[in-house]
Amino acid sequence: MLSPIQVPRKFMRRPAGASAAEAPSSASAPAAPAAPVESSPAESSPQASAPAPGQANFFNLHVEGVGYLNRVRVIKPKNGQEFIACTISAMRGSADDVGYTKFDCRVSGAQAQKVVRMLGDDVAAERRVIVGFRLADIYPELFIFEKGENKGQPGVAIKGRLLRVKFAKVNGVAIDLPESPTPAQGADGSAADESIPF
């Protein structure tokens, strides 16, 4: 008597009437659609980033450097309050070949006013006064030379507001300033005048 032959399952054919759901499938089921992301009112509202009513916006233009303090004077306009003015010849470029940019400044900061008044006598005595400065809101202004070789010719002055004097030296000697930071740090936390070779 012949024994029955066992056929491996992988060689067995699916009956014609069997449904596709009955057959094992290696394909994964399709992923469910992702739920829509709801935006928060702060993201969707066009007024979220708008400034508060009455809030003023400013663009600050600051210039920091080292230069010679000159022409300390008091300006008394016909209409308006008197103010202190000065000229700073700011140094730029290599220490071996220094260039200069001149700023005509209105002394605006309270600390700067005290320092410039204090140094006024040294400037008048033609001592070498070097300051670390911070200016704001510089702009060019045209003028006409009234004397000298360029008399009658147009020139350009760079105007600005002197906000703060970070350090000062008179003939190479450091001067203690009112409200001045420690010698190791400037007003912004950076190194002050120790590296200035003058």
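Structural data are supplied above this passage.
What comes next concerns the included structure. (Residues numbered from 1 in each chain as written. Predicted model: local features only at pLDDT ≥ 70, side-chain atom pairs only at ≥ 80, totals over all residues. Heavy atoms only, no water.)

Here we look at the packing of aromatic side chains
Working step 1: All told, the structure shown has three aromatic pairs when counted by the stated rule.
Working step 2: Plain terms: the ring middles of Tyr 68 and Tyr 100 are 6.2 Å apart, the flat faces sit at 45° to each other, and that makes the pair tilted. Placement of Tyr 68 in strand S1 (residues 62-75) and of Tyr 100 in strand S3 (residues 99-107) is noted, with a sequence separation of 32 residues between them.
Working step 3: Between the aromatic rings of Phe 143 and Phe 145, the centroid separation amounts to 4.9 Å while the plane-to-plane angle is 65°, which identifies the pairing as edge-to-face. (Phe/Tyr/Trp six-rings, centres within 6.5 Å; stacked < 30°, edge-to-face > 60°. Helix = DSSP H or I, 4+ residues; strand = E, 2+ residues; numbered from the N terminus.)

Side note on the state of the cysteines
Working step 1: Taken as a whole, this structure holds zero disulfides when the rule is applied.
Working step 2: Just so you know, Cys 86 is unpaired, no disulfide at all, and the nearest cysteine sulfur is the one on Cys 105, 4.7 Å from it.
Working step 3: On the basis of relative accessibility, which here comes to 0%, the residue Cys 86 falls in the buried class.
Working step 4: Judged by relative accessible area, Cys 105 falls into the buried class, the value being 3%. (Disulfide = S-S within 2.5 Å. Buried < 20%, exposed > 50% of the residue type's maximum accessible area, 1.4 Å probe, protein only.)

A look at helix H2 (residues 110-124)
Working step 1: Taking 1.5 Å per residue, 15 residues should reach 21 Å; H2 reaches 21 Å between its end C-alpha atoms and fits that length.
Working step 2: In the structure, H2 departs most strongly from a straight axis at Met 118, where the bend amounts to approximately 35°.
Working step 3: Along H2, the positions that sit buried rather than exposed are Gln 111, Ala 112, Val 115, Val 116, Leu 119, Gly 120, Asp 122 and Val 123.
Working step 4: Positive backbone phi, approximately 60°, marks Glu 126, located one or two places after H2. (Expected span 1.5 Å × (residues − 1). Bend = angle between axes of the 7 residues up to and from the residue.)

With respect to the side chain of Asp 104
Working step 1: Note that Asp 104 resides in strand S3.
Working step 2: Side-chain polar atoms of Asp 104 contact the side chain of Arg 73, separated by 2.9 Å.
Working step 3: Excluding its chain neighbours within four sequence positions, the residues that come into contact with Asp 104 are Arg 73, Cys 86, Thr 87, Ile 158, Lys 159 and Gly 160. (Polar contact = N/O pair within 3.5 Å; in protein donor to acceptor, adjacent residues only side chain to side chain. Contact = heavy atoms within 4.5 Å.)

Geometric values such as these leave the question of function open.
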